[in-house]
Amino acid sequence: MLEFFIALPIGAIIGWIIREIVSDRLARDRALEAIDATHRNAIELIHINNRKLAGMRLRDAFNPELAKLQHSEKYHFLQIPHILKVALERHQAAINEFRFFLEGDELDSFNKAWDEYHCDRYTHKTDLDKHMPLSAKDIQTSISQIQAILKFTEN
């Protein structure tokens, strides 16, 4: 009977030690999982915010020319091609920055929208002015093409 009274506290102490070790290990694992999840969420949030910033820069790059096209009555039709040519470098830089955040089908659609706007005017043509918007219909087409590009910034 005496052995029982000696074994009982020893068993309780050993049980308590095992419980503390297991509990500490579980708490540490849960804390590491929470830290890991927080880290992943922070990286995803940074990616989302950087895409929004690149989208804002893309809109900022196109907005001056879009406004001029939407109010083209203030400009002579022969000024419009020059306005778009001068903005090409700024447009391309913003396109390149935003393109970084796209992948898969979204990237393909974005590239197609850019090519429809850009390639008609600046590449594979011998006479650049020949393919620039010179009529009200051409200007409306350019506006639609720019809006198709900017639609990708809405996500």
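Residues numbered from 1 in each chain as written. Predicted model: local features only at pLDDT ≥ 70, side-chain atom pairs only at ≥ 80, totals over all residues. Heavy atoms only, no water.

Some words on the overall build of the chain
Rules: Segments assigned H or I by DSSP are reported as helices when at least four residues long, segments assigned E as strands when at least two residues long, and all are numbered from the N terminus. For every residue, the accessible area (1.4 Å probe, protein chains only) is compared with the maximum for its type, and the residue is labelled buried under 20%, exposed over 50%, or partly exposed between those bounds. Residue contacts follow a heavy-atom distance rule, with two residues in contact if any of their heavy atoms lie within 4.5 Å.
In terms of helices and strands, the chain carries four helices and zero strands. Starting at the N terminus and walking to the C terminus, you meet the elements of the chain as α-α-α-α. The burial tally for the chain puts 25% of its 155 residues in the buried class. Across the chain, every contact between residues at least 6 apart in sequence was considered, and the portion connecting residues at least 24 apart equals 74%.

Topic: the nonpolar core
Here is a general trend for soluble globular proteins: nonpolar side chains tend to be buried in one another's company. Inclusion rule: Residues belong to a common nonpolar core when they are buried Ala, Val, Leu, Ile, Met, Phe, Trp, Tyr or Cys residues joined through side-chain atoms within 4.5 Å.
Membership of the largest hydrophobic core comes to 24 residues, with the highest contact counts inside it found for Leu58, Phe62, Phe110 and Ile149. Taken together, the elements giving at least two residues each to this core come down to helix H1 (2–70), helix H2 (79–99), helix H3 (104–122) and helix H4 (136–150). Among residues more than four places away in sequence, those in contact with Ile149 are Leu58, Phe62, Ile95, Phe110, Ala113, Trp114 and Tyr117.

A short note on the packing of aromatic side chains
Heads up, the rule is: Pairing of aromatic rings covers Phe, Tyr and the six-membered ring of Trp, with a centre-to-centre limit of 6.5 Å; geometry is then stacked below 30 degrees between planes, edge-to-face above 60, and tilted otherwise.
All chains considered together, the criterion is met by six aromatic pairs. Where Phe98 meets Phe110, the ring centres are 5.4 Å apart and the plane angle is 55 degrees; that geometry is what we call tilted. Placement of Phe98 in helix H2 and of Phe110 in helix H3 is noted, with a sequence separation of twelve residues between them. Here the two residues Phe98 and Phe110 agree in accessibility, since each one is buried.

Section: the side chain of Arg51
By the element assignment, Arg51 lies in helix H1. Not counting residues within four places of it along the chain, the set of residues in contact with Arg51 comprises Phe98, Phe101, Leu102, Glu106, Phe152 and Asn155.

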